[in-house]
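# Coordinate inspection notes
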Amino acid sequence: MKFMKLTDNHTHTYYSTDSQAPVRAQIEAAIAAGLSGITFTDHLDPEFPLDDSMFMFDIDAYFKELLPLKEEYKEQIQVLIGAEIGMRPNQKELLPKLAASHPFDVVIGSIHVVDGYDPYYPEYWRDYGTKKGLERFFEVTRECVRMYDFFDTLGHIDYIFRYMPKEGPQMHPIDFIPLIDDILTELIRKGKALEVNTAGWKYGMPYPHPCPEILKRYCALGGKRLTLGSDGHKPEHLAYDFSRIPAYLKNCGFTAYSRYVGRKEEEITIL
Ligand SMILES: [Zn+2]
Ligand SMILES: [Zn+2]
């Protein structure tokens with residue numbers, strides 16, 4: 001299936017520590033998938049626990065490689081240059097400066113670190129337990145969306161459920177609706193977008209991020225801006241399950257998505 005009107009707004013390359021994908025391979029895969037656009041959003045997550053610069057890269061080198069490719073492929077696909085910036089409440093000066101340091105098309109704000117832990121690792125769950133681990137994630141997300149304005153869209157709002165321990169209580173994002181409502185309300189108030197990230201399906205979850213309950217809630221609260229991303233770290237993961245997106249969005253009350261060019265929103269109807 002071709003997705004002629006879709007831009008994959010969340011993708012990684014070898015500029016991210018957790019990807020080995022060459023930029024050109026990602027562009028070729030995006031063209032093969034029939035995308036009209038691809039936005040590179042490599043990780044900028046300064047002061048990462050254990051290894052400070054683990055999720056940082058040379059942004060000048062990134063632009064230097066990507067700009068000529070954007071030009072080379074312009075007849076086939078729109079190549080956009082963004083970043084996924086990790087948000088933490090103790091980086092008040094650093095993060096806005098980082099976002100403004102280069103002419104990114106879009107900045108995704110994501111939470112990858114909570115109270116100095118990466119929830120990907122079992123220590124987080126060992127020390128907090130399931131309920132508090134999930135709750136702290138949403139509390140920190142709320143604090144960050146209230147505190148920061150430098151981002152355009154909030155990345156994978158409920159991805160932490162991927163790492164919820166198999167033993168112990170099995171919780172669902174709807175168990176945290178009051179916190180999630182606060183986050184969604186703040187995004188709407190600030191005119192920020194919410195990301196629909198298909199990596200949930202890729203990881204075998206019954207839903208993408210966010211789950212339908214959150215997406216419906218966002219719609220009910222008046223949310224209109226959505227960005228779409230596969231979070232693909234490999235060529236085969238670009239546009240992952242994008243064929244399911246139109247029906248999923250429609251079921252949750254949406255008929256359009258947004259993408260960002262030069263930090264400006266463009267709304268695109270897909271149904
Ligand atoms: Zn992320
Ligand atoms: Zn990502």
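Above this text you will find the structure in question.
Residue numbers run consecutively from 1 along every chain, following the written order of its sequence. Lettering for chains starts from A, numbering for ligands starts from 1, and both go in the order in which the items are written. Only residues with pLDDT of at least 70 are given local features in this predicted model, and only at 80 or more are side-chain atom pairs given and counted; all residues enter the totals for whole chains, interfaces and linings. Just so you know, side-chain values use all the structure's heavy atoms and leave hydrogens and water out.

## Considering the sheet that holds strand 4 (residues 107-110)
We apply this condition: In this scheme, strands are said to pair when DSSP sees at least two bridges between them. Under the DSSP-based scheme used, a helix requires at least four consecutive residues in state H or I and a strand at least two consecutive residues in state E, with every element numbered from the N terminus.
On the basis of which strands lie adjacent, the open sheet formed by seven strands has the order 1-2-3-4-5-6-7 and parallel pairing. In the strand order of this sheet, the two ends are held by strand 1 (7-11) and strand 7 (226-229), each with one partner. Pairing analysis gives four bridges linking strand 3 (residues 78-86) to strand 4, with the strands arranged parallel. Paired with Ala-83 across the bridge in strand 4 is Val-107.

## A look at the coordination of the zinc ion (ligand 1)
Convention followed: Listed donors are limited to N, O and S atoms within 2.8 Å of the metal, widened to 3.2 Å for Na, K and Ca; water is not among them, so incomplete-looking sites are possible.
Those protein atoms acting as donors to the zinc ion (ligand 1) are Glu-84 (OE), His-112 (NE2) and His-156 (NE2), and they sit at 2.1 to 2.2 Å. Donor residues for the zinc ion (ligand 1), ordered by position in the chain, follow E-x27-H-x43-H. In this structure, the zinc ion (ligand 1) lies 3.4 Å from the zinc ion (ligand 2), and both are coordinated by Glu-84. Highlighted residues: Glu-84 in strand 3 and His-156 in the loop between strand 5 (153-154) and helix 5 (177-190), separated in sequence by 72 residues.

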